[in-house]
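Remarks on the overall topology
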Amino acid sequence: MNNEIDLPESRLGSLYKDFRELKDLNPEGYQANINTWKKYFIKHLLNDKNTLSIKCGKPLLHKLSIDIYGEPKSIDEVLDNFIGENILIPSETFFDTEWTDTDRNSTRTVGLLTKLFGLLGLDNSKEYTTRSTADKDTYLKDVNLIIRDNMKAAALAIAAKTRDNIIDKASEPSDFVLSRNQFLIKTGISEQWNDKYSQDIILFYLQYYSKLIVCKDDVIKVFQTSTKVGETGADSSITDVDSAIVDIKNTLLLLNRQTEKLENDITRIENKSHSKVFRSLSKNVQKDLIRNKILSQRHLEKLYGNQSNLNDMLRQLNISVSNKTMFDTLQQSHDAIKSINTYIGTVDKVTDLLDNIESENEKATELNDLLSSSNDVTNKIADDDIDQELAELEQKMTDEKNKNATPVKESTPTEDESELLERLRNVKIADTNNQEIQENKVKETNKKVAEPAV
């Protein structure tokens, strides 16, 4: 390796030596080395979202080695720190499952061990370490470390494609059962990850954490809704019918390839038989070409027959599965109705209940009538009070009206008042006379002006 590694040159000596002893002697220096290595890992090894795991052991040390210092001596401390923070998950714990039989059909559930190391929020209580205790040529364990966030994001994206490309497009029960290869193609897993290990990580997460699929050997069954692996019932496990469906689908896929090849061969021979090249060939060669075409046609007819038989079998399986689903639905409905009827009881019990209800209704009617009559008495008393008060109010209004209509009697004026009144009358008369005199003067003046001169 060259020295072109993205680490501070001033710290290379400390980063590449065995700095475990600094944890007690120089905690700040120890933590500085851890943080520097973590930044490098996040930038160069964990940032690619398509990378689901990194290979621990000798390959990782070789990738990090530089000429002057060789391999880092304490990289396990960095990896263990990532594991403690649930950023990395050791493969031996991620794929660790505890299988237990829960019923006669050997339906299985996943133990709690699969939920370790933060996948569902748990801590690294076992203090897992990547340093190997075995006497090997490297101090790191030869394990894969799964990148938690990348794995979860990838699994969620594949789950969405599973719903879009399989669940939403399914029209028959057999559409939910696929071979591993068909599932990888339909969900885009094989296109995005061509290594089997990354594919296994996604499938494991979809089965044991998303509860979206169940896998067994080459068979994968997709659940229409999220469920729990290990629940009682055939839907949570791979059945013989599921295996038969996958076998038929795989055979049909192979037959389709064969028929396509034969159809192309026949078309090629027919095109050649109408060309100038064919006429230039010898009779024997021409006969061989025609013989090959006839053999291909006969073989193709057999393949078509086999395809038809397999399609019939697949249809029968779909009908059988649909019938079973219908039977189970009817059985559940029957059980529900039976449970309700048991709770309700016999017909006599219902009749008695209805009679009791009618009797109580009659009582309620009687009570209502009684209360209504009581309310009438109350209302009558209230109306009498209102009528009395209204009559009093009307009488008061009549009295006030009569009072206003009575003429006011003139009082005899006193001597002073008589003298004052007399003066006022005189003033009024004088004013009137003066006004009349003035008006007469104006009329006479106007008359003189209007008369012509003699």
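Residues numbered from 1 in each chain as written. Predicted model: local features only at pLDDT ≥ 70, side-chain atom pairs only at ≥ 80, totals over all residues. Heavy atoms only, no water.

Comments concerning the overall build of the protein chain
Within the protein chain one finds 15 helices and 8 strands. With the model as given, the accessible surface of the protein chain reaches about 30,800 Å², and the carbon-plus-sulfur share is 52%. (Helix = DSSP H or I, 4+ residues; strand = E, 2+ residues; numbered from the N terminus. Areas by Shrake-Rupley, 256 points an atom, 1.4 Å probe, with all protein chains shown as cover.)

Notes on the side chain of K211
With respect to the helices and strands, K211 occurs in the loop between α10 (196–208) and β7 (213–216). At 2.7 Å, the side chain of K211 and the backbone oxygen of Y208 are in polar contact. (Polar contact = N/O pair within 3.5 Å; in protein donor to acceptor, adjacent residues only side chain to side chain.)

Structural notes on the pattern of salt bridges
Overall, the coordinates contain 16 salt bridges when judged by the stated rule. Here E71 ties to K58 by a salt bridge, and the two come within 3.2 Å at their closest N and O atoms. Placement of the pair is E71 in the loop between α4 (58–64) and α5 (75–84) and K58 in helix α4, with a sequence separation of 13 residues. For E71, a relative accessible area of 24% corresponds to the partly exposed category. (Salt bridge = Lys/Arg side-chain N within 4 Å of Asp/Glu carboxyl O. Buried < 20%, exposed > 50% of the residue type's maximum accessible area, 1.4 Å probe, protein only.)

Comments concerning the sheet that holds strand β8 (residues 219–222)
Spatial strand order, β6-β8-β7: 3 strands in an open sheet with antiparallel pairing. A single partner strand is all that each edge strand has here, and the edge strands are β6 (177–179) and β7. Going across the sheet, the axis of each strand differs from the next one's by a mean of 25°, ignoring polarity. Summarising the sheet, β6 and β8 pair through 3 bridges and their orientation is antiparallel. Note that in β8 the partner of V177 across the bridge is K221. (Pairing = 2+ DSSP bridges. Axes fitted to C-alpha atoms, helices over the stretch in contact; angles between N-to-C directions.)

Quick notes on the packing of aromatic side chains
What the rule picks out here adds up to 15 aromatic pairs. Arranged with centres 4.9 Å apart and planes meeting at 80°, the rings of F94 and F95 form a pair that is edge-to-face. F94 gets classed as buried once you look at its relative accessible area, which sits at 1%. On the accessibility criterion, F95 (27% relative accessible area) is partly exposed. For the pair F94 and F204, a centre-to-centre distance of 5.1 Å together with 55° between the ring planes defines the contact as tilted. In this pair, F94 is assigned in helix α6 (residues 91–94) and F204 in helix α10, connecting sequence segments 110 residues apart. In textbook terms, an aromatic cluster arises when at least three aromatic residues are bridged by ring pairs, as seen for F94, F95, Y197, F204, Y205, Y208 and Y209. Its end group placed over the ring of Y128, K141 keeps NZ or CZ at 4.5 Å from the ring centre. (Phe/Tyr/Trp six-rings, centres within 6.5 Å; stacked < 30°, edge-to-face > 60°. Lys NZ or Arg CZ within 6 Å of the ring centre and 35° of its normal.)

Things to note about the packing of helix α11 (residues 240–273) against helix α13 (residues 283–344)
Running from N to C, α11 and α13 cross one another at 155°; their axes reach a closest spacing of 9 Å. Viewed along their axes, α11 and α13 adopt a mutual orientation that is roughly antiparallel. You can see that α11 and α13 cross each other, and the crossing is left-handed. Of the residues contributing to the contact of α11 with α13, the split by class is 18 nonpolar, 11 polar and 4 charged. (Parallel < 35°, antiparallel > 145°, perpendicular 65-115°, else oblique. Left-handed = near helix turned anticlockwise from the far one by under 90°. Nonpolar A, V, L, I, M, F, W, Y, C, P; charged D, E, K, R; others polar.)

Quick word on a nonpolar patch on the surface
A grouping of I340, Y343 and I344 is seen on the molecular surface, where their side chains present a nonpolar patch of about 360 Å² in accessible area. You can see I340 is positioned in helix α13. (Patch = residues over 30% accessible without salt bridge, like charges linked within 9 Å, V, L, I, M, F, W, Y side chains within 5 Å.)

Some points on unusual backbone geometry
Comment: phi is negative for the bulk of residues other than glycine, and the bulk of peptide bonds are trans. Its identity is not glycine, yet N86 carries a phi of approximately 65°, on the positive side. Positive phi, close to 55°, is recorded for D217, a residue that is not glycine. As for its placement among the helices and strands, D217 is situated in the loop between β7 and β8.

Here we look at the sheet that holds strand β2 (residues 88–90)
Read across the sheet, 3 strands follow the order β1-β5-β2 without closing on themselves; strand pairing throughout is antiparallel. Every other strand in the sheet has two partners, leaving β1 (53–55) and β2 as the edge strands with one partner each. On average, each strand axis in the sheet is inclined to that of its neighbour by 30°, with strand direction left out of account. Packed on one face of the sheet, α5 meets β2 and β5 (144–147) and runs near 100° to β2. (Contact = heavy atoms within 4.5 Å.)

Remarks on the nonpolar core
Counting residues in hydrophobic clusters, the biggest one holds 32 residues, and the most contacted among them are W37, F41, I75 and L88. Looking at this core, the elements with two or more residues in it are α1 (12–16), α3 (27–44), α4, α5 and β5. Those residues in contact with F41 that sit more than four places away from it in its chain are L46, I54, L60, L64, I75, V78, L79 and F82. Within the second largest apolar cluster, 29 residues are counted, among which are A155, L184, I189 and I220. (Core = buried A, V, L, I, M, F, W, Y, C linked by side-chain atoms within 4.5 Å.)

A few points about a negative patch on the surface
Taken together, D348, D352, D355, E358, E362, E366 and D369 make up a surface patch of like negative charges. By the element assignment, E362 lies in helix α14 (residues 347–405). Given a relative accessible area of 47%, E362 falls into the partly exposed group. (Lys, Arg positive; Asp, Glu negative; His and termini not counted. Charge placed at Lys NZ, Arg CZ, Asp CG, Glu CD.)

Regarding the pairing of β5
Residues N144 and I146 of β5 are buried on one face, and the alternating residues L145 and I147, pointing to the opposite face, are buried as well. Strand direction decides the pairing type here: β1 and β5, joined by 3 bridges, are antiparallel. Residue I54 lies in a different strand from β5, and its bridge partner there is L145. Taken together, the 3 bridges between β2 and β5 define a ladder with antiparallel strand orientation. What sits directly across from I89, in β5, is I146.

As for the confidence of the model for the protein chain
Summary statistics for the protein chain give a mean pLDDT of 81 and a share of 77% for residues scoring 70 or more. Segment residues 99–125 is flagged for pLDDT under 50; beyond a separation of four residues in sequence, or across chains, it makes 66 contacts in the model. (pLDDT = per-residue confidence, 0-100.)

A look at the packing of α3 against α5
Packing of α3 against α5 brings their axes to within 9 Å, and their N-to-C directions diverge by 70°. Classified by the angle between their axes, α3 and α5 sit roughly perpendicular to one another. Taken together, the residues of α5 that come into contact with α3 (itself represented by Y30, I34, W37, K38, F41 and I42) are I75, E77, V78, L79, N81 and F82. For the contact of α3 with α5, the per-class residue count stands at 9 nonpolar, 1 polar and 2 charged.

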